[in-house]
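Architecture and fold: a report
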Amino acid sequence: MARSLWRSGIRLTLALLLAIGVTPPLSAQNRAPARTETAVDLNLVLAVDASGSVDNTRFALQKQGYAAAFLNPRVLAAIRAGDQQAIGVSMVQWTGPTLHVVVIPWTVVKDQQSATNLAAAINRAPRQLFGGGTSLSGAIDYGVIMLAASPYRSTRRIIDISGDGSNNNGRSVEQARDEAVKMGIRINGLPILTLEPDLDRYYRQSVIGGPAAFVIAARNYDQFADAILRKLIAEISQDNRRGRTLAQN
């Protein structure tokens, strides 16, 4: 019964996203009905801004920040504090409403080797989008389909979205957020304040959603690495008492 409901939910999600013009990744379109039995504490989509306002230097700073965070022992300690001692991670570059590229497919991070492998994959992944507007709503919609396509079972599902601008393309970001939250998905945000000094306020009002959703802002791109490290530790540790202690240290 549970598996039948899960299949129906996947079909409905695919239909809804196709209806609004979001093309699901091939892994979602062609997925076999049965999931693997791998359990993780968290399925996490890292949605990285590749819009026109992000030049190559700024984009490189984002990549370096994500890679360095997964090499930090505090992130691994937060993962190990969970019940399953593992998380599922994927990374998507995004710009316009239908412009998304999966650069890191779903992978499990559970130990030093898997964290090192993920950091290396992030560093190797080339930039594949270079403009097309800033559609936070499109990024959320694509994050939803990525989570539906994950091969790992988890108690928590999070879209971690970073960017340097407000929604200027595609449908309402509030609508996309509210629909994702109704599916039990949490959205956390990392606004970069280089171009819009009040972007953190906008993220709090219009982008993040779900129980205990939060914003950690970076004042500029040079501060991105520190902000994403703190953000990853905090969201991996959410709903986990031992993990929250680690995040506060």
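Look above for the structure.
Residues numbered from 1 in each chain as written. Predicted model: local features only at pLDDT ≥ 70, side-chain atom pairs only at ≥ 80, totals over all residues. Heavy atoms only, no water.

A few words on the environment of A60. Within the secondary structure layout, A60 lies in helix α3 (residues 56-71). By relative accessible area, which is 28% here, A60 ends up partly exposed. The spatial distance from the C-alpha of A60 to the C-alpha of R127 is 8.8 Å, given a sequence separation of 67 residues. (Helix = DSSP H or I, 4+ residues; strand = E, 2+ residues; numbered from the N terminus. Buried < 20%, exposed > 50% of the residue type's maximum accessible area, 1.4 Å probe, protein only.)

Turning our attention to the side chain of N167. Checked against the element boundaries, N167 lands in the loop between β4 (153-163) and α7 (173-182). A polar contact of 2.7 Å, which involves the side chain of N167, links it to the backbone nitrogen of L136. A distance of 3.2 Å separates a polar side-chain atom of N167 from the backbone oxygen of R171. (Polar contact = N/O pair within 3.5 Å; in protein donor to acceptor, adjacent residues only side chain to side chain.)

Applying the stated criterion to the full structure yields nine salt bridges. Here D200 ties to R204 by a salt bridge, and the two come within 3.5 Å at their closest N and O atoms. Residue D200 and its partner R204 are both found in helix α8 (residues 199-207); the two are separated by four residues, about one turn of the helix. Since its relative accessible area comes to 19%, D200 is described here as buried. Here R204 falls in the partly exposed class, since its relative accessible area comes to 46%. Sharing partners across several salt bridges, the network here consists of D141, R171 and E179. (Salt bridge = Lys/Arg side-chain N within 4 Å of Asp/Glu carboxyl O.)

What follows deals with the pairing of strand β2 (residues 87-94). Burial of β2 is extensive: eight of the eight residues sit out of reach of the surface. Neither face of β2 is exposed, since I87, V89, M91 and Q93 on one face and G88, S90, V92 and W94 on the opposite face are all buried. As paired strands, strand β1 (residues 39-49) and β2 are joined by eight bridges and run parallel to one another. Bridging from a neighbouring strand, V45 pairs with S90 of β2. Where β2 meets strand β3 (residues 100-109), seven bridges bridge the pair, whose relative direction is antiparallel. Pairing of W94 across the sheet is with H100, part of β3. Following β2, the chain reverses through five residues before pairing antiparallel with β3. (Pairing = 2+ DSSP bridges.)

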